[in-house]
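Chain and residue survey
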Amino acid sequence: MGLRQLVIDAWSWLNYKPVMAEAGRPGSRAFPELAKTWVPQHELRRLAAYKVLASYDNNQAGQLAAAGGDASALERRELGDAANLVDTALGYLLGSEQKVAVEGAEHAAEEMPTPGAAEAAVVQDRLRKWADKELLTFRVQQAERAAVLLGDSVMVLAWNPEKQRPTLRVYDPGFFFPQWGDEDEDFPSRVHLAWELPADDDGLKARVRRVTYELGPISEDGVPGDDGAAPGGRQYPWEPGRTSNVTCYLTDAEWLLEDLKNGETLDRLPMDKASFRVRPDGTELNRLDLMIDFVPMVHIANTIPDGGEHWGHSILARVLQALDELAATDSDSSAASATTGTPIIGLAGTRLPVDRATGKPQELQVKAGAVWQLGEAGRMDALDTSPQLAELRARVDHLLERIAANSRVTAAGLGTLKATEVPSGYALKLALGPLDALISMMRLAREHKYRLLFKMVQRLYQAGRAEGWTAGETLAARLAWAPHTPTDRGAVLEEVVKAYGAGVLSLETAVAMLLEAGYPIKDASREVERIRAKAEQEAAVRMAEAASRPGRDEGDEDHAQDDGSGSVRKSVGHVSEREPVEAGR
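Summarised in this report is the structure supplied together with it. Please read all numbers here as calculations on a predicted model, not as lab measurements.

Focus on the overall build of the protein chain
Each helix and strand counted, the protein chain has 14 helices and 18 strands in total. Burial analysis of the protein chain (585 residues in total) assigns 38% to the buried set. Contacts spanning at least 24 positions in sequence make up 63% of the contacts within the protein chain whose residues lie at least 6 apart. Just so you have it, the protein chain exposes about 33800 Å², and 51% of that area is on carbon and sulfur atoms.

Examining the side chain of Gln458
Positionally, Gln458 belongs in helix 11 (residues 433-463). The class for Gln458 is buried, based on a relative accessible area of 3%. At 2.8 Å, the side chain of Gln458 and the backbone oxygen of Leu475 are in polar contact. Contact partners of Gln458, with chain neighbours within four places excluded, come to Val123, Leu127, Trp469, Thr474, Leu475 and Ala477.

Concerning the pairing of strand 1 (residues 98-102)
Among the 5 residues that make up strand 1, 5 are buried, leaving the element largely enclosed by the rest of the structure. Burial along strand 1 is two-sided: the face carrying Gln98, Val100 and Val102 and the face carrying Lys99 and Ala101 are both buried.

Observations concerning unusual backbone geometry
Residues other than glycine predominantly adopt negative phi, and peptide bonds predominantly adopt the trans conformation. Look at Gln164: it is not a glycine, yet its phi comes out positive at around 55 degrees. Structurally, the position occupied by Gln164 is in the loop between strand 2 (152-160) and strand 3 (165-171). The phi torsion at Met291 lies on the positive side, around 60 degrees, for a residue other than glycine. For Met291, the location among the structural elements is in the loop between strand 11 (288-289) and strand 12 (297-301).

Describing empty space enclosed by the protein
For the structure shown, the criterion picks out 1 cavity of 30 Å³ or more. Here the largest cavity defines a volume of roughly 130 Å³. Lining the largest cavity are 15 residues, with Glu78, Asp81, Ala82, Leu323 and Ala327 positioned closest to its centre. Those elements that provide at least two residues to the lining of the largest cavity are helix 4 (81-94) and helix 7 (320-341). Counting residues per element, the lining of the largest cavity draws most heavily on helix 7, which supplies 5 residues. Class assignment for the residues of the lining of the largest cavity results in 7 nonpolar, 2 polar and 6 charged.

Examining the pairing of strand 2
Along a regular strand, successive side chains alternate from one face of the sheet to the other. Bridge count for strand 2 against strand 12 is 5 bridges, and the pairing is antiparallel. By the bridge assignment for strand 12, Val156 is matched with Met297. With 7 bridges joining them, strand 2 and strand 3 adopt antiparallel strand pairing. Opposite Val156, over in strand 3, you have Arg169 as the bridge partner.

With respect to the pattern of salt bridges
Using the criterion set out here, one finds 27 salt bridges in the structure. Arg234 is the salt-bridge partner of Asp289, the closest N and O atoms lying 2.8 Å from each other. Taken together, the positions of Asp289 in strand 11 and Arg234 in strand 7 (residues 234-235) put the pair 55 residues apart, joining distant regions of the chain. Asp289 sits in the partly exposed class, given a relative accessible area of 25%. For Arg234, a relative accessible area of 12% puts it in the buried group. Measuring nitrogen to oxygen at the nearest pair gives 2.7 Å for the salt bridge that ties Glu239 to Arg242. One network of salt bridges, in which partners are shared, links Arg190, Glu214, Asp267 and Arg287.

A short note on the packing of aromatic side chains
What characterises a pair of aromatic rings is the spacing of the ring centres plus the angle enclosed by the ring planes. Here the structure, examined in full by the defined rule, presents 9 aromatic pairs. Ring geometry for Trp159 against Tyr461: centres 5.9 Å apart, planes inclined by 75 degrees, an arrangement best described as edge-to-face. Here Tyr461 lies in helix 11 and Trp159 lies in strand 2, a separation of 302 residues in the sequence. The class of Trp159 is partly exposed, set by a relative accessible area of 24%. Judged by centre distance (5.9 Å) and plane angle (80 degrees), the ring pair of Tyr450 and Trp481 falls under edge-to-face. With Tyr450 in helix 11 and Trp481 in strand 15 (residues 477-481), the pair connects residues that are 31 residues apart, well separated along the chain. Trp481 gets classed as buried once you look at its relative accessible area, which sits at 17%.

Concerning the nonpolar core
Core analysis: the biggest nonpolar cluster contains 110 residues, and Trp38, Trp130, Leu136, Tyr213, Met297, Leu316 and Tyr450 have the highest contact counts within it. The element contributing the most residues to this core is helix 11, with 12 residues. Once you skip the residues sitting within four places of it in the chain, Tyr450 turns out to touch Val140, Glu144, Met155, Ile300, Ala477, Leu479 and Trp481. In this structure, Ala510, Ala517, Ile521 and Val528 belong to the second largest nonpolar core, which totals 11 residues.

The rules we used
Residues numbered from 1 in each chain as written. Predicted model: local features only at pLDDT ≥ 70, side-chain atom pairs only at ≥ 80, totals over all residues. Heavy atoms only, no water. Helix = DSSP H or I, 4+ residues; strand = E, 2+ residues; numbered from the N terminus. Buried < 20%, exposed > 50% of the residue type's maximum accessible area, 1.4 Å probe, protein only. Contact = heavy atoms within 4.5 Å. Areas by Shrake-Rupley, 256 points an atom, 1.4 Å probe, with all protein chains shown as cover. Polar contact = N/O pair within 3.5 Å; in protein donor to acceptor, adjacent residues only side chain to side chain. 1 Å grid on protein atoms, 1.4 Å probe; cavity = no way out; pocket = protein on both sides within 12 Å on 5 of 7 lines; lining within 4 Å. Points joined across faces, edges and corners; volume = space filled by probe spheres on them. Nonpolar A, V, L, I, M, F, W, Y, C, P; charged D, E, K, R; others polar. Pairing = 2+ DSSP bridges. Salt bridge = Lys/Arg side-chain N within 4 Å of Asp/Glu carboxyl O. Phe/Tyr/Trp six-rings, centres within 6.5 Å; stacked < 30°, edge-to-face > 60°. Core = buried A, V, L, I, M, F, W, Y, C linked by side-chain atoms within 4.5 Å.

Encoded structure:
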């Protein structure tokens, strides 16, 4: 038997799996759907890797191993450890909430707001309303779970004329096929979303659907737009004064699988055999001009890709073999517990009862209340497997510690660290250090992608000529994450009160710190307005009370009175002081 081919790529950590051992057709035995002729050859390892990771998430890794030739793997016990690791990492990544934040909007409530702060606050309010309508929190959780589990996720935007807003949808990364050009390109100019549609009972045959977004030059025979630009050029609302000759075309078509031949892969499907889809208004989706100069699609990678790569790594990538070891140890522990609870017993010097019907000795059963008669030289020996069971349980704990450490979620993050093992809060903070670094890296990998998403949302609003969205530069917006670990809110509050009282912090910064600490503040700028309004109201009440005190001349703020003692008493509010009278007065 020859050596397997050594492959080093973004999915090399799966090479130990038999389904990934064959570099040419990985997963062809376990995943026959990958053997379709339309699937590009260079995408097979990525798609097979997604299938393997999905099997771990659904407690089907044993079935996958059995499909690869290991029949004994069907008895493997899987107790959801992989899914628990994914969900735990996802929970820390997302935090308690996510908000849309536009740069500069926090200064809109200041007494002297910075230039553009009011406009930023308006855009932030509109984006947050869009997020509520499009269930952004729900969509983000959909996309991020796929990214944490599989390493990648895809979000697609589209303008909806009826709703008058962009719609957001999340797609399986196995449907995502970008067509990369030069190595220096940050974003592909052509992207396919493709999946197979099975045959049904109504007579429809099996077919493949492909949705293509492609950047290309504006057609020369186009009609001048409302902006007066000549055919072949266009001025987009987000870049006023600049003419562009690039637009995005959308094609949505289907092909019957029986019509495809070998070599006609996803990027080479015969257009003469395509059946194009039609919009509700009757428009055929064949190179439909979307009137935008970008592909409205965002690919989210779970980790920062290596140089020259575009794909992220799953949170399970480093610990997949440890999860296999854990499942095998759990299976052995279950078998050992069976012999410990119902031990194997050896009898000597006894006569077994005979079945009257067959004349054969009956099998004795170990159960409560059973009585066996032994002769004078009889003996009963029980096989004690409890030491082996204890060793297996200790190995399970050891594997869980290794998984927690190597995944960087840590034992404290997984909740397996006992409270008695943490001597202080500082020790807990040190224990959570790897988790802090992991979440910071994961959020950094997504920072630019969500900025790009909100930029596309604003530009789609402008391209759709939605009410209130005028031409102009797109404002920078981001997704703000809540803290991923609990915060000492009391300590933060004390720090904010002291710093603000000493004048070393502004009110805006103080409120922002309380917001980050987890206080229930919905909008920092509005909270600042409420605090200032309340302070002004209290000051007005104090002034009114001071003015209404008896013995005060309402027409004069500072009223001087001679009390006959050779001095003048000067009343200012409720404070009285004596001033010496000049000589000779």
